[in-house]
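Structure at a glance
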Amino acid sequence: MAAQPGRGEKPFHIISPVLESLALSRAAGTKVYMKLENVQPTGSFKIRGIGHLCQEAAKKGCRRFVCSSGGNAGLAAAYAAKKLGLPITVVVPSTTPPATVCKLEELGAEVEVSGQVWDDANTRALELAQTEGWVSVHPFDHPLVWQGHASLVRELKDSLETKPDAILLAVGGGGLLSGVVAGLHQVGWQDVPIIAAETWGAHSFHAALAAGHLVTLPDITSVAKCLGAKTVAARALECAQECQVISQVVEDTEAVRAMELFLDDERMLVEPACGAVLAVLYAGWLQRLQREGRLRTPLNSVVVVVCGGSSVQAAQLQALKSQLGLE
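Residues numbered from 1 in each chain as written. Predicted model: local features only at pLDDT ≥ 70, side-chain atom pairs only at ≥ 80, totals over all residues. Heavy atoms only, no water.

With that settled, consider the sheet that holds strand 4 (residues 88–92). Ordered by their spatial adjacency, 4 strands build an open sheet running 5-4-3-6, and the pairing between neighbours is parallel. Every other strand in the sheet has two partners, leaving strand 5 (110–113) and strand 6 (134–137) as the edge strands with one partner each. Ignoring strand direction, the axes of neighbouring strands in this sheet form an average angle of 20 degrees. Direction of pairing for strand 4 relative to strand 5: parallel, over a ladder of 4 bridges. Paired with Val91 across the bridge in strand 5 is Glu112. The strands that helix 3 (residues 72–84) touches are strand 3 (64–68), strand 4 and strand 6; relative to strand 3, the one it contacts most, it runs at about 170 degrees. (Pairing = 2+ DSSP bridges. Helix = DSSP H or I, 4+ residues; strand = E, 2+ residues; numbered from the N terminus. Axes fitted to C-alpha atoms, helices over the stretch in contact; angles between N-to-C directions. Contact = heavy atoms within 4.5 Å.)

Written as structure tokens, this is what we have:
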């Protein structure tokens, strides 16, 4: 079962494969299934929710989309706009790789650079969205985005013989987390714990959980720029009240090392944001959570959402290793 765009419309995402990973299973000490969102048409899970939002907005007479993004959300919105035959402006921060800007332009998007971080770009996008007929496509904080992302869990229910003992995912702004929680409610899996991974320096969800209210980080200092929302969606914090959400923060070095190990083990190159969740398995954090009694022992199986990332290149992995002294 895919997303539910309504009126029999075909969603823009694919039903992504679920594969067992022997290497990750060995590292984690339990059976690990990968939900391979990196093979989506735009290279990440974002096309699920953003595609759904764009389809709904088009039905209501949208004349132009505006999206703020460091990469993946913008690519998803540009892809959806192209499919719908509508123009789009994508506002990106100055940290966005030139290759990503090229991809956006190839998809027909008009690209505007504004500010240093995503939050700056979003302020500009919201200004543009005041134009009549223009619709703001938020990268993570919108109910239709969460509704689209929920399709991921429905697919897991169809693919797996038994429900997993945990779902591991990366948290940036909290859109994927919000969608997965919505999906868990839909399939009756509310008791499945979620391990939400971030890197230090992009840990706005972890900070909010610890404080009990939304926290705005002074800056994004992590190399995982796709996790770079200084404040998570309020809905992400609510999700932690509805389901068991365990926040795990990893070092940048662990995330980048996980990227390299995953490339060797599974022949797939992913972004540092995805490396953060893979590091929970590779760096032994899962076993530590079990030892602390925060996760059950033994675990029969877990699912890791390989969220992907469309702006990563081999040269970037090499540069990150040099930057972090991992040579």
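As a further point, take the pairing of strand 8 (residues 194–199). Counting buried residues in strand 8 gives 6 out of 6 residues, a clear majority hidden from the surface. With burial as the criterion, each face of strand 8 is covered, one bearing Ile194, Ala196 and Glu198 and the other bearing Ile195, Ala197 and Thr199. Relative to strand 8, strand 7 (residues 167–170) runs parallel, the two sharing 4 bridges. Pairing of Ile167 across the sheet is with Ile194, part of strand 8. With helix 8 (residues 175–187) bridging strand 7 and its parallel neighbour strand 8, the resulting β-α-β unit is right-handed. In the sheet, strand 8 pairs with strand 9 (residues 245–250) via 6 bridges, with the strands oriented parallel. Residue pairing for strand 9: Ile194 is matched across the bridge by Val245. (Buried < 20%, exposed > 50% of the residue type's maximum accessible area, 1.4 Å probe, protein only. Right-handed = clockwise from strand over helix to strand, strands pointing away.)

Okay, the side chain of Ser301 next. Secondary-structure assignment places Ser301 in strand 10 (residues 301–306). Residue Ser301 is classed as buried on the basis of its relative accessible area, which comes to 6%. In this structure Ser301 touches Thr30, Lys31, Tyr33, Pro164, Asp165 and Ala166, once residues within four positions along its chain are discounted.

In this section: unusual backbone geometry. Comment: phi is negative for the bulk of residues other than glycine, and the bulk of peptide bonds are trans. Backbone torsion omega between Thr297 and Pro298 reads -5 degrees, so that peptide bond is classified as cis. Even without glycine at this site, Arg267 takes up a positive phi of about 60 degrees. Structurally, Arg267 can be placed in the loop between helix 11 (252–266) and helix 12 (272–282). On the basis of relative accessible area, Arg267 is assigned to the exposed category, the value being 67%.

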